[in-house]
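Here's the letter readout for the chains.
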Amino acid sequence: MPPPAPPSRHAIRLRVNGTPHELEVESWTALLDLLRDHLDLTGTKKGCDHGQCGACTVLVDGVRVLSCLSLAVMHDGREVTTVEGLAHGDQLHPLQEAFMQHDAFQCGYCTPGQLCSAVGLASEGHAKSLDDVRELMSGNLCRCGAYAQIAQAVAQVVLGPGPHASEVARSAWIAGTTVNARGARAGEEPA
């Protein structure tokens, strides 16, 4: 019996962070694995590998994509931007600056995906409030819990200088009590 044939490979062309690449990959190669293993762009993180955490978020033609769920062959001829491509030389992207100003990272593992998602969010133009920012960034998890700082950093760039208040948090009720999020009793005006 002859040995099995090697897996077929597909030629693809990508422009990653402004640099053109011609590669041959197996049909099952995820965009995330292509970036990390073939192009040595390790800023994009492998978190859950199931599209649930957002750590692998990159931009494909300016649109947010979970690179762990996206096959590399699907992006032939496309422009991919990773966290390494956000800055221009020594000039950080405004969102990178805002993340630093607001201390919007702790361990930093989710930060590349958070930043790419925030850049995509900004270009989409749907966020009109802090609550919109929180909702539109909800696909990106932060195990350290830096959500408040992340939301403020993104809002600063997308909505303008803050601080930005949350209408949802202002009227949220703590489960099982009559005290809302600001400490006012039921029937009282929130502070």
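Q: Before we go on, may I ask you to explain the pattern of salt bridges in this structure?
A: Close approach of charged atoms allows side chains with opposite charge to pair. Tallying each qualifying case throughout the model produces seven salt bridges. Where Arg9 meets Glu26, a salt bridge forms, and the shortest distance between an N and an O atom there is 2.6 Å. You can see Arg9 sitting in strand β1 (residues 9-16) and its partner Glu26 sitting in strand β2 (residues 19-26), a full 17 residues away along the chain. Classification of Glu26 as buried rests on a relative accessible area of 17%. Overlapping salt bridges bring together Asp33, Lys46 and Asp49 as one network.

Q: How should I be thinking about the nonpolar core in this particular structure?
A: As a rule of thumb, nonpolar side chains are buried together in soluble globular proteins. Membership of the largest hydrophobic core comes to 24 residues, with the highest contact counts inside it found for Phe99, Met137, Ile150 and Val154. Counting only elements with at least two residues in this core, the list comes to α2 (94-101), α3 (111-124), α4 (130-136) and α5 (147-159). The residues touching Val154, leaving out its near neighbours within four places in the chain, are Leu95, Phe99, Ala118, Leu121, Val133, Met137 and Leu159. Of all hydrophobic cores here, the second largest spans 15 residues; its members include Leu31, Leu34, Leu39 and Ala72.

Q: I'm lost on unusual backbone geometry in this one. Help?
A: Positive phi outside glycine occurs at Asp49, with the angle close to 60°. Within the secondary structure, Asp49 is located in the loop between α1 (31-38) and β3 (57-60). You can call Asp49 partly exposed: its relative accessible area is 36%. With a phi close to 50°, Asp103 is a non-glycine residue in the positive phi region. Mapped onto the elements of the fold, Asp103 is located in the loop between α2 and α3.

Q: What is the right way to read α1 from this model?
A: An α-helix turns once every 3.6 residues. As a result, residues three or four positions apart point the same way. Residues Leu31, Leu32, Leu34 and Leu35 constitute the buried set of α1. Tucked inside the fold, the buried residues of α1 contact β1, β2, β3 and β5 (79-81). At the exit of α1 stands Asp40, carrying a positive phi of roughly 60°.

Q: What should I look at first to understand the environment of Gly54 in this one?
A: Locating Gly54 in the fold gives a position in the loop between α1 and β3. Taking the C-alpha atoms as reference points, Gly54 and Val65, eleven residues apart in sequence, are found 8.9 Å from one another. When residues no more than four places from it in sequence are discounted, the contact partners of Gly54 are Leu66, Gly113, Gly139 and Asn140.

Q: I would appreciate a short explanation of α5 in the present structure.
A: Across its 13 residues, α5 extends 17 Å between first and last C-alpha, which sits within 8% of the 18 Å expected from 1.5 Å per residue. Along α5, the residues classified as buried are Ile150, Ala151, Gln152, Ala153, Val154 and Ala155. Check the buried side of α5 and you find it contacts α2, α3 and α4. Looking one or two residues beyond α5, the residue adopting positive phi is Gly160, at roughly 110°.

Q: I tried to follow the layout of surface pockets on my own but got confused; where do I start?
A: Any empty space left between atoms is shown by rolling a water-sized probe over those atoms. In this model, the largest pocket occupies a volume close to 160 Å³. Around the largest pocket, the lining residues are Gly47, Cys48, Cys53, Ala55, Cys107, Tyr109, Cys110, Leu141, Cys142, Arg143 and Cys144. A class-by-class count of the residues in the lining of the largest pocket yields nine nonpolar, one polar and one charged.

Q: How should the pairing of strand β4 (residues 63-66) be read in this particular structure?
A: The side chains of a regular strand alternate, first on one face of the sheet and then on the other. Sheet topology note: the β3/β4 ladder contains four bridges and is antiparallel. By the bridge assignment, Leu59 is partnered in β4 with Arg64. As consecutive antiparallel partners, β3 and β4 are separated by two residues, and within that stretch Asp61 has a phi angle of approximately 50°, a positive value.

Analysis parameters
- Residues numbered from 1 in each chain as written.
- Predicted model: local features only at pLDDT ≥ 70, side-chain atom pairs only at ≥ 80, totals over all residues.
- Heavy atoms only, no water.
- Salt bridge = Lys/Arg side-chain N within 4 Å of Asp/Glu carboxyl O.
- Helix = DSSP H or I, 4+ residues; strand = E, 2+ residues; numbered from the N terminus.
- Buried < 20%, exposed > 50% of the residue type's maximum accessible area, 1.4 Å probe, protein only.
- Core = buried A, V, L, I, M, F, W, Y, C linked by side-chain atoms within 4.5 Å.
- Contact = heavy atoms within 4.5 Å.
- Expected span 1.5 Å × (residues − 1).
- 1 Å grid on protein atoms, 1.4 Å probe; cavity = no way out; pocket = protein on both sides within 12 Å on 5 of 7 lines; lining within 4 Å.
- Points joined across faces, edges and corners; volume = space filled by probe spheres on them.
- Nonpolar A, V, L, I, M, F, W, Y, C, P; charged D, E, K, R; others polar.
- Pairing = 2+ DSSP bridges.

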